[in-house]
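One-letter residues, chain by chain:
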Amino acid sequence: NLLSNLKWKNMNVGGISDGSSVYVRIETNNEDSYLRVLNHEFSSNVLKHSNLDTILAWYDFPEAEREYQTQQFHFKCLNDFDFATKNNINILNNGFLSNYSLTDPENDFNVYAEYVFYKTSEIKKLKKYPKINLKLKLFKKIYRNAGFKKAFPNDI
């Protein structure tokens, strides 16, 4: 579903998934953002429709510290795209790709989808981090279990 105005808790957002549908805000002259958000939100549906063991494997990923941030941190990410997309060595060492990944496990999974399908060259560079590489393998397994049969971009 494409919308010209999309809000969550009175805040503008790029997209939302309810588990069966994807809602994406159309941004004029910004096809890149549209495709990134579409990949991000579609992955929510993939995760939500996985079997319970698979979902728990992601939510309880044993190799990463799960220190998800406060609601205030989440709102900062929604209001500041540059902040949301930033990372640092500590975040990467713990298997997260960006600040936004730290908001909750589902968003963590969704950011992996953005990187796999939209930021392929970047995820290839980040595979050198052991926890990212392990989570990437789990991500691909979840997509395969959901019926994804094609090769992942550039055989990530």
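Up top is the structure these notes are about.
For clarity, every value in this text was computed on a predicted model and none was experimentally measured.

Undergrad: Give me helix α6 (residues 105–117): which residues, what numbers.
TA: Each α-helix turn comprises 3.6 residues. Residues three or four places apart therefore point the same way. Across its 13 residues, α6 extends 19 Å between first and last C-alpha, which sits within 8% of the 18 Å expected from 1.5 Å per residue. Burial analysis of α6 places twelve of its 13 residues in the buried class, which makes it a mostly covered element. Buried within α6 we find P105, E106, N107, D108, F109, N110, V111, Y112, A113, E114, Y115 and V116. For α6, the N-terminal capping position is held by D104, with its side-chain oxygen 3.0 Å away from the main-chain nitrogen of E106.

Undergrad: Give a detailed account of helix α8 (residues 130–145), specifying residues and quantitative values.
TA: Taking 1.5 Å of rise per residue, 16 residues should cover 22 Å, and α8 covers 23 Å from first to last C-alpha, within 8% of that figure. Regarding α8, the residues found buried are I132, K135, L136, L138, F139, I142 and Y143. Buried residues of α8, seen end-on, are gathered within an arc of 165° and therefore sit on one face of the element. Residues of α8 that are exposed and point over 90 degrees away from its buried face: P130, K137 and K141. Immediately downstream of α8, the backbone of G147 shows phi near 110°, a positive value.

Undergrad: Residue-level account of the packing of aromatic side chains, with values.
TA: All told, the structure shown has twelve aromatic pairs when counted by the stated rule. Here F109 and F139 contribute two aromatic rings whose centre-to-centre distance is 4.9 Å and whose plane-to-plane angle is 40°, an arrangement assigned as tilted. Of this pair, F109 sits in helix α6 while F139 sits in helix α8, placing them 30 residues apart in sequence. Here F109 and F139 have matching classes, each one buried. Here the aromatic rings of Y143 and F148 are separated by 5.9 Å at their centres, their planes lie at 85°, and the arrangement is edge-to-face. According to the relative accessible area criterion, F148 is partly exposed, its value standing at 24%.

Undergrad: Go over the pattern of salt bridges, please, and point to the residues and values.
TA: The final tally for this structure, using the stated rule, is two salt bridges. The partner of K135 in a salt bridge is D108, with the nearest N and O atoms 2.5 Å apart. One end of the pair, K135, is in helix α8; the other, D108, is in helix α6, and 27 residues separate them in sequence. In this pair, the class of K135 matches that of D108, namely buried.

Undergrad: Give me the lowdown on the nonpolar core, citing residues and values where you can.
TA: Judged by nonpolar contacts, the single largest core of 30 residues is most densely connected at W58, L97, I132 and F139. Listed by contribution, the elements that provide at least two residues to this core are α1 (31–48), α2 (52–59), α3 (71–79), α5 (89–93), α6, α7 (120–126) and α8. Discounting chain neighbours no more than four positions away, the residues touching L97 are N87, I91, L92, V111, Y112, Y115, I123, L126 and I132.

Undergrad: I'd like a description of the packing of α6 against α8, backed by residues and values.
TA: Two elements in contact, α6 and α8, have axes separated by 11 Å at closest approach and are oriented at 90°. Judged by the inter-axis angle, α6 sits roughly perpendicular to α8. Along the contact surface, α6 presents D108, F109, Y112, A113, V116 and F117, while α8 presents K131, I132, K135, L136, F139, I142 and Y143.

Cut-offs applied
- Residues numbered from 1 in each chain as written.
- Predicted model: local features only at pLDDT ≥ 70, side-chain atom pairs only at ≥ 80, totals over all residues.
- Heavy atoms only, no water.
- Helix = DSSP H or I, 4+ residues; strand = E, 2+ residues; numbered from the N terminus.
- Expected span 1.5 Å × (residues − 1).
- Buried < 20%, exposed > 50% of the residue type's maximum accessible area, 1.4 Å probe, protein only.
- Polar contact = N/O pair within 3.5 Å; in protein donor to acceptor, adjacent residues only side chain to side chain.
- Arc of directions from axis to C-beta.
- Phe/Tyr/Trp six-rings, centres within 6.5 Å; stacked < 30°, edge-to-face > 60°.
- Salt bridge = Lys/Arg side-chain N within 4 Å of Asp/Glu carboxyl O.
- Core = buried A, V, L, I, M, F, W, Y, C linked by side-chain atoms within 4.5 Å.
- Contact = heavy atoms within 4.5 Å.
- Axes fitted to C-alpha atoms, helices over the stretch in contact; angles between N-to-C directions.
- Parallel < 35°, antiparallel > 145°, perpendicular 65-115°, else oblique.

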